Amino acid sequence: MSVTRRLTQRAITLTVSLIAIVVLTAVILSLTGYDEKVYKAIIDGEKRVYQQQLQRMGVSAEEITRRVREYEKTLISLYGLDQPPVVRAFMNVRNIMFLNLGYAQSADTCSVAGLPFPCRVSDAIMAVIPRSILLVTLAEFVCVVIVLQIGPLLAYKRGGILDKTVISYAAIFNAIPLWWLAMLFILIFAYTLGLAPSTSRPIVAAINSLNIVEIVKYMWLPLLVSVVGLLGGWLYSVRAMVLRVSAEDFVVTAKAKGLSDADVARKHVLRASMPPVITSIVLALSTSIFGGYMITEAVFDWPGMGTLFRVAITNSDSPTVLGLVFMSSLAYVVARFILEILYMILDPRVRI
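Since the structure is predicted, the reported quantities are computational estimates derived from the model, not experimental observations. (Residues numbered from 1 in each chain as written. Predicted model: local features only at pLDDT ≥ 70, side-chain atom pairs only at ≥ 80, totals over all residues. Heavy atoms only, no water.)

A. Fine view of the packing of aromatic side chains. Counted by the stated rule, this structure contains 5 aromatic pairs. Measuring from ring centre to ring centre gives 4.5 Å for Tyr169 and Phe173, while their planes differ by 40°; the resulting arrangement is tilted. One end of the pair is Tyr169 and the other is Phe173, both in helix H7 (residues 161–175) and 4 residues apart, which spans about a single turn. For the pair Trp179 and Trp180, a centre-to-centre distance of 6.2 Å together with 80° between the ring planes defines the contact as edge-to-face. Given a relative accessible area of 41%, Trp180 falls into the partly exposed group. (Phe/Tyr/Trp six-rings, centres within 6.5 Å; stacked < 30°, edge-to-face > 60°. Helix = DSSP H or I, 4+ residues; strand = E, 2+ residues; numbered from the N terminus. Buried < 20%, exposed > 50% of the residue type's maximum accessible area, 1.4 Å probe, protein only.)

Here is the structure:
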């Protein structure tokens, strides 16, 4: 099978998967009546505002009633409430697929993004993405750099001090929830030692003004907690991949030829381990941008993607929820397509 044909098949499969995810989410929101309740609340609010405007203009009571009734009909048609739930669901899908994400329906959602209400969902997402990259993506990246330095060495140090240290570290920090670790670090570094602020919400102003000193001030503790908490899982999974490869015949042959441990680790073990390692790295980095840490961000009061997800869900902000689900799925699909290309570069057998 040619490379072009294989990549085309993968692109079609991933695109269908993306559409299926958006359709499923939209159907669930519509058939459960979730979006109908939200739209009715929105219409009631807009009717009140319109009625108050007419009263301030001195319009008669009878004329106000007539205009408000017509305005209500227009809004019902605009939001699709005169359509069956399934039709309304596919109206939402069409808007999402053409990146017409609409407006956030909650002032709290816009507040997380640091924007005045009402705000566009796309603007809210774009405002929050840099904060998620600063915390989640950067933490994953630091873990990757550390793991790629230590991982190959584990192939030769099995049962040694380094191996036992990695196993113990991974066991301890995999057992501790990240949000609980965050609370402990805030207690120690913020309230006891006074070395860090207890909330990270002011980082919005620091990022907008590109004040590097203030950005570092508010992000170093959440970043430290994220690296400490995530590193255990990374080390353990890469250790398992490296140990499996180090037992292969070609590695034993390389050792028998008298190559140094460093050369065997770098040229043979690490290269053969790259496909699964690259998979973990690309998926982790892609999901970190639009995923966020929902609970941990709440502990730090970090206004990132996880906080935007949580606030949108708790405020029944269906346009924002749909927009976030679409962007998360899109990031995953793009990451999977990049992986298909990388597989063909790293392992020629995949092209067959």
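B. Representation of the UniProt feature "transmembrane region" (unreviewed entry) in the chain within the structure. The feature "transmembrane region" (unreviewed entry), as given by UniProt, occupies residues 12–31, 133–154, 166–191, 218–236, 277–300 and 320–346 in the numbering adopted here. The straight-line gap between the two end C-alpha atoms of residues 12–31 is 28 Å; of that span, 100% is helix and 0% is strand. (UniProt positions renumbered as here; feature names shortened; annotations may be inferred.)

C. The arrangement of the nonpolar core in detail. Ranked by size, the top nonpolar core spans 45 residues in total, and within it Ile203, Leu221, Val225, Trp234 and Phe300 carry the most contacts. Mapped onto this core, the elements with two or more residues apiece are helix H6 (121–154), H7, helix H8 (178–192), helix H9 (203–208), helix H10 (212–246), helix H11 (249–256) and helix H12 (261–291). At 16 residues, the largest contribution of residues to this core is made by H10. If we ignore the near neighbours within four places in the chain, the residues touching Trp234 are Glu140, Cys143, Val144, Val147, Ser280, Ile281 and Ala284. (Core = buried A, V, L, I, M, F, W, Y, C linked by side-chain atoms within 4.5 Å. Contact = heavy atoms within 4.5 Å.)

D. Here's a closer look at the side chain of Arg131. Along the chain, Arg131 falls in helix H6. We note that Arg131 is buried and unpaired, the nearest opposite charge coming from Glu297 at a distance of 8.6 Å. Only 2.7 Å separates the side chain of Arg131 from the backbone oxygen of Val112, close enough to count as a polar contact. A distance of 2.9 Å separates a polar side-chain atom of Arg131 from the backbone oxygen of Ala113. Non-local contacts of Arg131, meaning those with residues more than four positions away in its chain, are made with Val112, Ala113, Gly114, Val204, Ile207, Trp302, Pro303 and Gly304. (Lys, Arg positive; Asp, Glu negative; His and termini not counted. Salt bridge = Lys/Arg side-chain N within 4 Å of Asp/Glu carboxyl O. Polar contact = N/O pair within 3.5 Å; in protein donor to acceptor, adjacent residues only side chain to side chain.)

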